[in-house]
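Structural description and commentary
Residues per chain, in single letters:
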Amino acid sequence: MRKLSTSLLTMASIVMLFSSAFSQNMFDTVVNYAVGTAAVSVFSTDFNGDGNNDLVTTNMVGPTYASILLGNGDGTFQNAVNYAVGNVSVFSIDFNGDENNDLVIANYNSDNVSILLGNGDGTFQSAVSYATGGVNHSVFSIDFDGDGYNDLVTANHLYGQVSILLGNGNGTFQSAVNYAAGVFPASVFSIDFNGDGNNDLVTANAGTDNVSILLGNGNGTFQSAVNYTVGSMPFSVFSIDFNGDENNDLVTANAGTDNVSILLGNGNGTFQSAVNYDAGDEPYSVFSIDFDGDENNDLVTANKSSDDVSILLGNGDGTFQGAVGYAVGSMPFSVFSIDFNNDGNNDLATANGSNNVSILLNLGGPYYICGDVDGLPRVNILDIVYIINYKYKSGPAPDPLEAADVDGSGVVNILDVVYLINFKYKSGPELVCP
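This section reports on the structure supplied with the text. (Residues numbered from 1 in each chain as written. Predicted model: local features only at pLDDT ≥ 70, side-chain atom pairs only at ≥ 80, totals over all residues. Heavy atoms only, no water.)

The next thing to look at is the pattern of salt bridges. As enumerated under the stated definition, the model contains one salt bridge in all. With a shortest N-O distance of 3.7 Å, Lys304 and Glu282 are connected by a salt bridge. Within this pair, whereas Lys304 is found in the loop between β23 (298-303) and β24 (308-312), its partner Glu282 is found in the loop between β21 (275-278) and β22 (283-289), the two being separated by 22 residues in sequence. (Salt bridge = Lys/Arg side-chain N within 4 Å of Asp/Glu carboxyl O. Helix = DSSP H or I, 4+ residues; strand = E, 2+ residues; numbered from the N terminus.)

In structure tokens, the structure reads:
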């Protein structure tokens, strides 16, 4: 045993990393709900004021271009009610100050956005449309000029620009002002990148394999775009803090390279070079939130060609663990996460080209990676050493202990060490864990 331990300690300097499966499923079996034809975007918030999160999808094929599904609060939903507006991207927020959530829908074919004011009971008023720069692929809303009213931005796919429509606070909007972005911007997001209190813009540009950063001036105008390279064909972009430095970072879903790109923010509106992580086949959408309750932001992608979502847990330092897939409906184009059953865990919804939405309820923690016992990101040779030290040299106990039971026998012993070595270095069977 001493010889084995010495050999492994020598090997520890190599630190060969690999991805391992979750010890248990993070999400329950998928449940699908019918919506309009070819759903491509999904968003969730409370539309009727009952404290339960509801759903809205936009659907590419009419006449039912938008579908509303009211939530029952237990993770189930009522039948869809359809509205004959919009067809690409949907966002919800309060536009007229009545504390009811309204809708804005980007219309790909009609070069405008549709505003549907909410009545507060889950129903919506007739759509009012506002012209944009044309061929809208994405829409987002936030306050750009500091007047307390929510404004609009669209990513105009064909013309390589974004359109800014300032809100008047009563549910109406001013005429669009356009700013150049990259080629074929497919997604737009807004948040403060440089800490000046003004909301900035980022677009994911599918035609130039980059993102465009447009810093906001605080009065509803924006500076010229600065571009950063990401993976191939980025169709979605999201921003949040991944490494705990209080600077907003970036992630893109890259349909052309089946991965996500992480760009850590420097806090002054600039970003570090992209680091890529594998996802599923043709990820078209990405979202970030904490799924496992460790207070680190994680990732989920909707993968159009593999009919699943990929979960990448964050390590809290801006790096991520290997992707784990969960099946959803066919051709998922969009993913959103929020709590649907009021248990405090973030659940998932995808909009699928198969005319439905998929709901995956989060089963709740604890979660751990099978075999990862040393407290460092990912499983490596040091985990083998850790188990040996625990069992034979009074080393610290693995936390959780279940992660060391890699053969699933119910106890931690030398067989787990052998099992882990065989898996890592001799193409042995997959790790099991309880």
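Summed over the entire model, instances satisfying the criterion amount to 23 aromatic pairs. On the basis of an interplanar angle of 85 degrees and a centroid distance of 5.2 Å, the ring pair of Phe242 and Phe320 is categorised as edge-to-face. Of this pair, Phe242 sits in the loop between β18 (234-240) and β19 (249-254) while Phe320 sits in the loop between β24 and β25 (324-327); the two residues are 78 residues apart in sequence, bridging distant segments of the chain. Both residues of the pair, Phe242 and Phe320, count as buried. (Phe/Tyr/Trp six-rings, centres within 6.5 Å; stacked < 30°, edge-to-face > 60°. Buried < 20%, exposed > 50% of the residue type's maximum accessible area, 1.4 Å probe, protein only.)

Looking now at the nonpolar core. Core analysis: the largest hydrophobic core is formed by 93 residues, its most contacted members being Leu55, Leu201, Leu250, Leu299, Ile311 and Leu348. The element that contributes the greatest number of residues to this core is strand β7 (residues 102-107), accounting for four residues. Among residues more than four places away in sequence, those in contact with Leu348 are Phe27, Phe291, Val300, Val309, Ile311, Val335, Phe336, Ser337, Phe340, Ser358, Ile359 and Leu360. Val373, Ala403, Tyr419 and Cys433 belong to the second largest nonpolar core, which has 18 residues in total. (Core = buried A, V, L, I, M, F, W, Y, C linked by side-chain atoms within 4.5 Å. Contact = heavy atoms within 4.5 Å.)

What follows is about a nonpolar patch on the surface. Taken together, the side chains of Leu158, Tyr159, Val183 and Phe184 make up a nonpolar region of the molecular surface, amounting to roughly 370 Å² of accessible area. Tracing the sequence through the fold places Leu158 in the loop between β11 (151-156) and β12 (161-165). (Patch = residues over 30% accessible without salt bridge, like charges linked within 9 Å, V, L, I, M, F, W, Y side chains within 5 Å. Areas by Shrake-Rupley, 256 points an atom, 1.4 Å probe, with all protein chains shown as cover.)

When two helices pack together, you describe them by how their axes are tilted relative to each other and by the distance separating the axes. Where helix α2 (residues 381-392) meets helix α3 (residues 414-425), the closest approach of the two axes is 10 Å, and the angle between their N-to-C directions is 170 degrees. By the angle between their directions, the pair α2 and α3 is classed as roughly antiparallel. Note on element contacts: α3 touches α2 through Ile414, Val417, Leu420, Ile421 and Tyr425, opposite Ile381, Asp383, Ile384, Ile387, Ile388 and Tyr392. Taken together, the residues of the contact of α2 with α3 sort by class into 10 nonpolar, no polar and one charged. (Axes fitted to C-alpha atoms, helices over the stretch in contact; angles between N-to-C directions. Parallel < 35°, antiparallel > 145°, perpendicular 65-115°, else oblique. Nonpolar A, V, L, I, M, F, W, Y, C, P; charged D, E, K, R; others polar.)

Our next topic: the sheet that holds strand β27 (residues 347-352). In spatial order, the strands read β1-β28-β27-β26; together these four strands make up an open sheet with antiparallel pairing. In this open sheet, the two strands that pair with only one neighbour each are β1 (31-34) and β26 (332-338). This sheet shows a mean twist of 25 degrees between the axes of neighbouring strands, independent of strand direction. Sheet topology places β26 next to β27; six bridges connect them, and they run antiparallel. Following the sheet pairing, Phe336 is matched in β27 by Ala349. (Pairing = 2+ DSSP bridges.)

Quick look at α3 now. Between its terminal C-alpha atoms α3 stretches 16 Å, which fits the 16 Å expected from 12 residues at 1.5 Å a residue. Buried residues of α3: Asp416, Val417, Tyr419, Leu420, Ile421, Phe423 and Lys424, and no others. Where α3 begins, one side-chain oxygen reaches toward the backbone nitrogen of Leu415, 2.9 Å away; that side chain belongs to Asn413. Immediately downstream of α3, the backbone of Ser427 shows phi near 55 degrees, a positive value. (Expected span 1.5 Å × (residues − 1). Polar contact = N/O pair within 3.5 Å; in protein donor to acceptor, adjacent residues only side chain to side chain.)

Quick look at the environment of Asp241 now. Among the secondary structure elements, Asp241 is positioned in the loop between β18 and β19. Between the C-alpha atoms of Asp241 and Gly316, which are 75 residues apart in sequence, the distance is 9.2 Å. Apart from the residues lying within four places of it in its own chain, the contact partners of Asp241 are Glu246, Asn247, Asn248, Asp249 and Asn297. Within polar-contact distance, the side chain of Asp241 engages the backbone nitrogen of Asn243 at 3.2 Å. Only 2.9 Å separates the side chain of Asp241 from the backbone nitrogen of Glu246, close enough to count as a polar contact.

Along the chain, the position of Phe95 falls in the loop between β6 (89-93) and β7. The spacing of Phe95 and Pro63 is 32 residues in sequence and 26 Å in space, taken between C-alpha atoms. Setting aside residues no more than four positions away along its own chain, Phe95 makes contact with Asp102, Leu103, Val104, Ile115, Leu117, Ser141, Asn150, Leu152, Gly169, Asn170, Gly171 and Phe173.

Here we come to the environment of Val385. Structurally, the position occupied by Val385 is in helix α2. By relative accessible area, which is 9% here, Val385 ends up buried. With 222 residues separating them along the chain, Val385 and Ser163 place their C-alpha atoms 56 Å apart.

Turning next to α2. For α2, built from 12 residues, the straight-helix expectation of 16 Å at 1.5 Å per residue is met to within 8% by its first-to-last C-alpha distance of 17 Å. Three or more residues of α2 are buried, namely Ile381, Asp383, Ile384, Val385, Ile387 and Ile388. The positive-phi residue at the C-terminal boundary of α2 is Ser394, with phi of around 55 degrees.

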